Amino acid sequence: RDEAQGHKSALGGIAGFVKTVGNTNENLQVVKAVGAQSGVLPSRISGGSSMGGLFGVLTVFKSNAFGANANTGKFVLSNSKFSGKIYDASSTDVIAVGGLVGFDSTETNTSFQVVDGYADIDLTDVLQVAGKYQYFAGGIVGYGASCTSGSTADTDFLSIKNSRTEGVISLSASAAA
């Protein structure tokens, strides 16, 4: 839980912020734990402006320093899952919340792919500070920035294949803007 207010923080079950030139991450799991006395304990992430079950913010960039490597500029998240609760975002600006990745800020001519992903998400948020929000929420990805308007490259995309999400996304406000 991030108790700070009025900031831009990234929270994730595995990493808050990931910056990569391309890679494949497989079998990442943040799931409900079974407590000895209290039964099932949900994974909980709260208080950030970008929150994801696995990664709060993901940035894929293309670097010439890595030459013609086939994985340069391509990030694949494969066979990964999150099960739990994400709640109480704390920003009066842009908020991005997703079951696996909150905010995808990849650069032009790069790609982010989710393959065989699963998210069982309970996203409940009550915005308590009056303001005009940009709130992006999704079962797998909250905000995907991979597609560039007018791009002619076939490497510029967000792709989600063979993935599934379930649960609840509920957003309400307790203060008038």
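Look up a bit, the structure's there.
Residues numbered from 1 in each chain as written. Predicted model: local features only at pLDDT ≥ 70, side-chain atom pairs only at ≥ 80, totals over all residues. Heavy atoms only, no water.

Draft legend 1. Region of the structure containing the side chain of Asp125. With respect to the helices, strands and loops of the structure, Asp125 is situated in strand S15 (residues 118-127). For Asp125, the contacting residues outside a window of four places in its chain are Asp88, Ala89, Tyr135, Ser170, Leu171 and Ser172. (Helix = DSSP H or I, 4+ residues; strand = E, 2+ residues; numbered from the N terminus. Contact = heavy atoms within 4.5 Å.)

Draft legend 2. Quick look at the pattern of salt bridges. Overall, the coordinates contain 1 salt bridge when judged by the stated rule. Notably, a salt bridge pairs Arg164 with Glu166, separated by 3.0 Å at the nearest N-O pair. On the basis of relative accessibility, which here comes to 36%, the residue Glu166 falls in the partly exposed class. (Salt bridge = Lys/Arg side-chain N within 4 Å of Asp/Glu carboxyl O. Buried < 20%, exposed > 50% of the residue type's maximum accessible area, 1.4 Å probe, protein only.)

Draft legend 3. Representation of the sheet that holds strand S17 (residues 141-144) within the structure. Judged by pairing direction, the sheet is parallel, and its 4 strands sit side by side in the order S2-S9-S13-S17 without closing on themselves. At either margin of the open sheet sits one strand with a lone partner, and together these are strand S2 (15-20) and S17. Taking the axes of each pair of neighbouring strands and ignoring which way they run, one obtains an average angle of 15 degrees across the sheet. Relative to strand S9 (residues 55-60), S2 runs parallel, the two being bridged by 5 bridges. Bridge assignment links Ala15 to a residue of S9, and that residue is Phe55. (Pairing = 2+ DSSP bridges. Axes fitted to C-alpha atoms, helices over the stretch in contact; angles between N-to-C directions.)

Draft legend 4. Structural detail: the nonpolar core. Of all hydrophobic cores here, the largest spans 28 residues; its most connected members are Phe55, Leu77, Ile86, Leu100, Val101 and Phe112. Secondary-structure elements contributing two or more residues to this core are S9, strand S10 (74-78), strand S11 (81-87), strand S12 (94-98), strand S14 (111-115) and S15. Top contributing element to this core by residue count: S15, with 4 residues. (Core = buried A, V, L, I, M, F, W, Y, C linked by side-chain atoms within 4.5 Å.)

Draft legend 5. Here's a closer look at the environment of Val141. Relative to the assigned elements, Val141 resides in strand S17. For Val141, a relative accessible area of 11% puts it in the buried group. With 38 residues separating them along the chain, Val141 and Phe103 place their C-alpha atoms 7.0 Å apart. The residues touching Val141, leaving out its near neighbours within four places in the chain, are Gly98, Val101, Asp104, Phe112, Leu158 and Ile160.

Draft legend 6. Up close: the sheet that holds S12. In spatial order, the strands read S1-S8-S12-S16; together these 4 strands make up an open sheet with parallel pairing. The two strands at the open ends of the sheet, each matched to only one other strand, are strand S1 (10-12) and strand S16 (134-138). Recorded for the sheet is a direction-independent mean angle of 5 degrees between the axes of neighbouring strands. Where strand S8 (residues 50-52) lies against S12, 3 bridges are found, and the strand directions are parallel. The residue of S12 that forms the bridge with Met51 is Val97.

Draft legend 7. Inspection of unusual backbone geometry at higher detail. Positive phi is not limited to glycine here, since Asp88 has a value of about 50 degrees. Relative to the helices and strands, Asp88 is located in the loop between S11 and S12. On the basis of relative accessible area, Asp88 is assigned to the partly exposed category, the value being 28%. The backbone of Asp116 sits at a positive phi, close to 55 degrees, despite the residue not being glycine. Looking at where Asp116 falls in the secondary structure, it is placed in the loop between S14 and S15. According to the relative accessible area criterion, Asp116 is partly exposed, its value standing at 37%.

Draft legend 8. Structural view of the environment of Phe55. As for its position among the elements, Phe55 is in strand S9. Measuring from C-alpha to C-alpha, the distance between Phe55 and Gly16 comes to 5.4 Å, with 39 residues separating the pair along the chain.

Draft legend 9. Layout of the environment of Gly48. Here Gly48 lies in the loop between strand S7 (43-46) and S8. Sequence spacing of Gly48 and Ala96 is 48 residues, and the spatial spacing of their C-alpha atoms is 9.0 Å. With near-sequence residues (within four places) excluded, Gly48 lies in contact with Ser9, Leu11, Asp88, Ala89 and Ser90.

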